[in-house]
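Single-letter residue listing:
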Amino acid sequence: MEFEEYLEYIEKKLHEKNINTETQDYIIKYVYMNQKLFGKHLNIDKLVSRILNNLNHNITSFDIDNTPLNKLKRIITTRGRWDPYQNKITINPVNKLKGMLFKREKQKHNSSIMHEIDHCATTEYLQISKPEYEQYIQSCIKRNHIENPQDISKIKNLLNQIYNEHKGIFEIVGIQDFRQLLQSGINLKKLNEGITAYKQELYDKFLGNKPNTAYIAEKEVARFIGKVIGKENLINMHFNNDYEGIKTLFDERTGKDLNELVNLLDKKSIFKSLETFEKNCEIKPERKNADLVPKFNIDYTKVGKFLEESKIHEQIKDNEKEL
């Protein structure tokens, strides 16, 4: 489909949802960049369809918590957020205001919006049967060697509450998949943010702007993985929610287990104990604020050592030319 056809279709469908022209313009710019940058490797029809199905509201500023400390923390740490259950993107109101006053701040603000639209565009929803979900719970309990009946009961109650509130429908955002978390203890949030930030940087460069991304270390890890498996493979598999595909290619070409690198980024197991489970569980529906997700300390020295020790094939030299 030619871009002009996408343009008309996007405007029509978003208008039917009462989504304003400012939001429409952001979506159109995002689709245009993806068609130009990745059109040969991504299913743009699927990308457009996902956004139109997933986004139900205008892009708006997020609400500020009442307490001064939470207000300050969120203003400082949060640029924007995609909420896959409320189906909306919210952004930092202070950054938006600064963007009205300064060109550079406007670029940074717009860049952050592209990051959140990318989360929206890579979100799929998965219906999980209750028996299948029970298997995930049992896997989590077994892997963490939880034997205390009271602890087991609390975990089951918490996860079943989540299941019921979501009506068995769970989101997969890019490669961030809670099933990996329950089954293997692999928390893919940081790597998913890194890949999204890496794509965000490519959008900035396409627009002729200085890169405006956060998640600096995570982005460099994503760039490294792209060098190993090929940028197109990384972006395509991220779009198609295929962490296993990324992992398989990486493992084959480096002789290293990608899960090791993911764990270095995450550093701490989210299910290390019942206490941390209850505190840090990222799939709790009541955790509506991105800044409530704990910021784990990352040992970047160990990450760097892992990268240096990886046995990269000669193909990486060819891939580097494309990055």
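Going by the structure above, here's the rest.
For the structure given in this document, a descriptive report is provided here. (Residues numbered from 1 in each chain as written. Predicted model: local features only at pLDDT ≥ 70, side-chain atom pairs only at ≥ 80, totals over all residues. Heavy atoms only, no water.)

This part is about unusual backbone geometry. The phi dihedral of Asn87 is positive, around 55°, even though this residue is not glycine. Of note in the backbone geometry, Tyr215 takes a positive phi value of approximately 55° without being a glycine. Residue Tyr215 is classed as partly exposed on the basis of its relative accessible area, which comes to 33%. (Buried < 20%, exposed > 50% of the residue type's maximum accessible area, 1.4 Å probe, protein only.)

Our next topic: the pairing of strand β5 (residues 169-173). On a regular strand, one side chain projects to one face of the sheet and the next to the other, so that they alternate. Burial analysis of β5 places four of its five residues in the buried class, which makes it a mostly covered element. Across five bridges, the pairing between strand β4 (residues 123-127) and β5 is antiparallel. Bridge pairing links Leu126 to Phe170 in β5. (Helix = DSSP H or I, 4+ residues; strand = E, 2+ residues; numbered from the N terminus. Pairing = 2+ DSSP bridges.)

Attention now goes to the packing of aromatic side chains. As enumerated under the stated definition, the model contains eleven aromatic pairs in all. Centroid distance Phe3 to Tyr32: 4.9 Å. Interplanar angle 70°. Geometry classified as edge-to-face. Taken together, the residues Phe3 in helix α1 (residues 3-16) and Tyr32 in helix α2 (residues 21-38) connect sequence positions 29 residues apart. Of the residues examined, Phe3 reaches a relative accessible area of 16% and is grouped as buried. Measuring from centroid to centroid gives 4.7 Å for Tyr133 and Tyr163, while their planes differ by 35°, and the two rings are tilted. Here Tyr133, found in helix α7 (residues 130-143), pairs with Tyr163, found in helix α8 (residues 149-166); they are 30 residues apart in sequence, far enough to count as distant. Summarising the burial analysis for this pair, Tyr133 and Tyr163 share the class buried. (Phe/Tyr/Trp six-rings, centres within 6.5 Å; stacked < 30°, edge-to-face > 60°.)

Before going further, it helps to spend a moment on the pattern of salt bridges. Taken as a whole, this structure holds 16 salt bridges when the rule is applied. In this structure, Glu16 engages Lys13 in a salt bridge whose closest nitrogen and oxygen atoms are separated by 3.9 Å. Taken together, the residues span about one helical turn, with Glu16 and Lys13 both in helix α1 at a distance of three residues. On the basis of relative accessible area, Glu16 is assigned to the partly exposed category, the value being 48%. Judged by relative accessible area, Lys13 falls into the partly exposed class, the value being 29%. One salt bridge connects Lys247 with Asp251, and the closest N-O pair in it is separated by 2.7 Å. Taken together, the residues Lys247 and Asp251, both in helix α13 (residues 243-254) and four residues apart, mark about one turn of the helix. Overlapping salt bridges bring together Glu201, Lys205, Lys219, Glu220 and Arg223 as one network. (Salt bridge = Lys/Arg side-chain N within 4 Å of Asp/Glu carboxyl O.)

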